[in-house]
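# Commentary on secondary and tertiary structure
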Amino acid sequence: MGVVVGLKSLALVLLLVFLALSTNFDSCNARRGKHWRQKRPSTTTSSLIKKKSKTNGGNNHHSGGNSGGGGGKKSSPVMPPASPPTHQPGKGYSDAYPSMFNVLDFGAKGDGVTDDTKAFQAAWASACKVEASTVVVPSDYVFLVGPISFSGPYCQPNIVFQLDGTIVAPTNAKAWGSGLLQWLEFTKLRGIAVHGQGVIEGRGAVWWTDSPNNSPVVSPYDDPVPPFDDVLPYNDPVDAALNGKMPGIKPTALRFYGSYNVSVTGITIQNSPQCHLKFDNCVAVDVHNITVSSPGDSLNTDGIHLQNSKGVNIHNTNLSCGDDCVSIQTGCTDINIHNVNCGPGHGISIGGLGRDNTKACVSNVTVRDITMHNTMNGVRIKTWQGGSGSVQGVRFSNIQVSEVEFPIVIDQFYCDKSSCRNQSSAVALSGISYEKIKGTYTVKPVHFACADATPCTEVTLTEVELQPIQEKYHLYEPFCWQTFGELYTPTTPPIECVQLGKPASNRILSDGDTC
């Protein structure tokens, strides 16, 4: 009997030991799982990993040259996320990547409602001190950012602004004070790159519907054609009164000033109150694989605006807006624009130059391999009466136009109001070549209106083939005034108004005319 009791006791002890060991084993596994579970990368790391994994497919996100067809087509507004991804700010990421500065680690919320301007300022201030640093704006977040300047000149060189999320502009009139010329600005930097797959959303509808300058422009031409710059106000169901009347001065969405070695790649800029992307006093600029998008009737919303800039390359880009797809102003030289889709918009323009009797200088411009659909103009040079200076060495080549009102334009009587004073002086135009300009037009194929005092010289045309499409207006024949040059091949339609050679009374250029 004692032996049986002893065996039972031994079995009970062994059972208790086994149960204790099993409990300890399970609890260790649980703790080990908590401590050793592989950590998910932070939002910033995920954004950069996704960026690296994407192939640089040119403008694959917009197919074809006609992607911006309809003049009233709107860009889809960016809505704040229902709930932004969670992010735990801390030093772990900065320790691992000391040259990367995530705006979330500086207090940005990314919910599309909270003002994240100060967080962006703080992230930039830290990145500014580190050469080849990166400011990270992660994907899956919407950042409300007010007017801000990312400024040098004491920043270290080669900073990257990695934009994979969305930045939206405030629509509250108080955020803009009495009016500002730009919203996001990079100034006086040596090596600045804005890269990524993100979006800059200007929310411009509140400005377009609330602008004091929405009156249409009357054509300056005696030739009875529709106004070149006659656009109607954009009507969008936005009640500007909710946030107060917007200032009369409308900001450019993204501006670069006084910078060297500038690159803008991959991003989308849409619905800017005015110009979408501007370069002023910049040298060595490269823009490619970007998208600019706003409705065709959004007032003064140039796609890319160049002024006093040299060595600019714009390529593989989609531009649809309410004004010039690309606008080239005074002080620009060595400009190369190629493989660009333009439309809707007002085409690609040099000018207006010489406003208020100023001197303007533009030289060495090449615009080639361009597709234009449903634009007001194709390739255009426009100058005001009374100006001085010159435009020299311009080549327009391989331009495919589709349903363009005025494919080829030189207008030395440009005026953006009901009337302008007649003046004899003008910016001198010479060495302008048109090669392989082909497609369809809806109003007039060629309009050359040059100044009496300074006729256009060395204007050449090769393989110009333009067919009419009857639409809203009566069709007009090619028009030339004081235009001298040469036709290297027959044209369609015949452009017989270009005068061969040089003007008999070609005056000697004064110091004011030379650049």
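Each value, and the rule that gives it
Residues numbered from 1 in each chain as written. Predicted model: local features only at pLDDT ≥ 70, side-chain atom pairs only at ≥ 80, totals over all residues. Heavy atoms only, no water. UniProt positions renumbered as here; feature names shortened; annotations may be inferred. Helix = DSSP H or I, 4+ residues; strand = E, 2+ residues; numbered from the N terminus. Buried < 20%, exposed > 50% of the residue type's maximum accessible area, 1.4 Å probe, protein only. Contact = heavy atoms within 4.5 Å. Arc of directions from axis to C-beta. Core = buried A, V, L, I, M, F, W, Y, C linked by side-chain atoms within 4.5 Å. Pairing = 2+ DSSP bridges. Axes fitted to C-alpha atoms, helices over the stretch in contact; angles between N-to-C directions. Phe/Tyr/Trp six-rings, centres within 6.5 Å; stacked < 30°, edge-to-face > 60°. Disulfide = S-S within 2.5 Å. Salt bridge = Lys/Arg side-chain N within 4 Å of Asp/Glu carboxyl O.

- You'll find the protein entered in an unreviewed UniProt entry as Polygalacturonase, with Acorus calamus given as the organism.
- Per its UniProt entry, the protein bears the Sequence similarities (unreviewed entry) comment "Belongs to the glycosyl hydrolase 28 family."

## A short note on the overall build of the protein
- Helices and strands together make up the secondary structure of the protein, namely five helices and 32 strands.
- Counting the 515 residues in the protein, one finds 51% classified as buried.
- Across the protein, contacts joining residues at least 24 apart in sequence account for 79% of those joining residues at least 6 apart.

## A short note on helix α4 (residues 117–127)
- The set of residues buried in α4 consists of T117, A119, F120, A123, W124 and A127. Taken down its axis, α4 places every buried residue within 165° of arc, on the same side.

## Considerations on the nonpolar core
- Of all hydrophobic cores here, the largest spans 99 residues; its most connected members are F256, F279 and Y434.
- Not counting residues up to four positions away in its chain, the partners in contact with Y434 are V379, F396, I408, V409, I410, F448, V459, T460, L461, T462 and V464.

## Comments concerning the sheet that holds strand β11 (residues 252–257)
- Spatially, β5-β8-β11-β14-β17-β19-β21-β23-β25-β27-β30 is the arrangement adopted by the 11 strands of the open sheet, whose pairing is parallel. Of all the strands in the sheet, the pair left with one neighbour each is β5 (148–151) and β30 (479–481). Neighbour-to-neighbour, the strand axes of the sheet open up by a mean angle of 15°, direction not taken into account.

## Points about the side chain of T265
- With respect to the helices and strands, T265 occurs in strand β12 (residues 260–265).
- Assessed through its relative accessible area of 11%, T265 is described here as buried.
- Non-local contacts of T265, meaning those with residues more than four positions away in its chain, are made with V194, H195, G196, H288, N289 and I290.

## Considering the pairing of strand β15 (residues 283–288)
- One ladder, built from five bridges, connects β12 with β15; its direction is parallel. Across the sheet, residue S263 finds its bridge partner in β15, namely D286.
- Where β15 and strand β18 (residues 310–320) come together, five bridges link them in parallel fashion. Bridge pairing links V283 to K310 in β18.

## Observations regarding the packing of aromatic side chains
- With the rule as written, the count across this model stands at 14 aromatic pairs.
- Ring centres of F256 and F279 lie 5.3 Å apart, and the angle between their planes is 10°; this geometry places the pair in the stacked category. One end of the pair, F256, is in strand β11; the other, F279, is in strand β14 (residues 277–280), with 23 residues separating them in the sequence. Residue F256 shares its accessibility class with F279, and that shared class is buried.
- Pairwise contacts between aromatic rings join W124, F150, F161, F186, F256 and F279 into one cluster.

## Observations regarding the state of the cysteines
- Counted by the stated rule, this structure contains six disulfides.
- Residue C361 pairs covalently with C515 via a disulfide, S to S 2.0 Å. When the S-S torsion is -85°, as for the bridge of C361 with C515, the disulfide is left-handed. Linking C361 in strand β22 (residues 359–373) with C515 in the segment after β32 (499–500), this pair joins segments that are 154 residues apart in sequence.
- On the basis of relative accessible area, C361 is assigned to the partly exposed category, the value being 21%.
- Across the disulfide, C480 is cross-linked to C497 (sulfur-sulfur distance 1.9 Å). With the S-S dihedral at roughly 40°, the linkage between C480 and C497 falls on the right-handed side. Taken together, the positions of C480 in strand β30 and C497 in the loop between β31 (483–487) and β32 put the pair 17 residues apart, joining distant regions of the chain.

## Regarding the environment of C450
- Note that C450 resides in the loop between β27 (446–449) and β28 (456–462).
- Among the residues examined, C450 registers a relative accessible area of 0% and is labelled buried.
- C-alpha separation for the pair C450 and A428, spaced 22 residues apart in sequence, amounts to 9.1 Å.
- Leaving out residues up to four positions away in the same chain, C450 has contacts with I410, Q412, F413, P455, C456, W481, Q482 and T483.

## Side note on the environment of E477
- Positionally, E477 belongs in the loop between β29 (465–468) and β30.
- Along the chain, E477 and H447 lie 30 residues apart, while their C-alpha atoms are 8.9 Å from each other.
- Residues in contact with E477, not counting those within four places in the same chain, are K444, P445 and V446.

## A word on the pattern of salt bridges
- Overall, the coordinates contain eight salt bridges when judged by the stated rule.
- The closest approach of N and O atoms between K382 and D324, which form a salt bridge, is 3.6 Å. Residue K382 is located in strand β23 (residues 377–383), and its partner D324 is located in the loop between β18 and β19 (326–328); the two are separated by 58 residues in the primary sequence.
- Salt-bridge contacts for E463 lead to K438; the nearest nitrogen and oxygen are separated by 3.6 Å. Taken as a pair, E463 in the loop between β28 and β29 and K438 in strand β26 (residues 428–441) lie far apart in primary sequence, 25 residues in all.
- Residue classification places E463 among the partly exposed positions, given a relative accessible area of 30%.
- A residue is classified by how much of its surface remains accessible, and K438, at 26% relative accessible area, is partly exposed.
- A cluster of three or more residues bridged by salt bridges with shared partners is formed by E185, R255 and D280.

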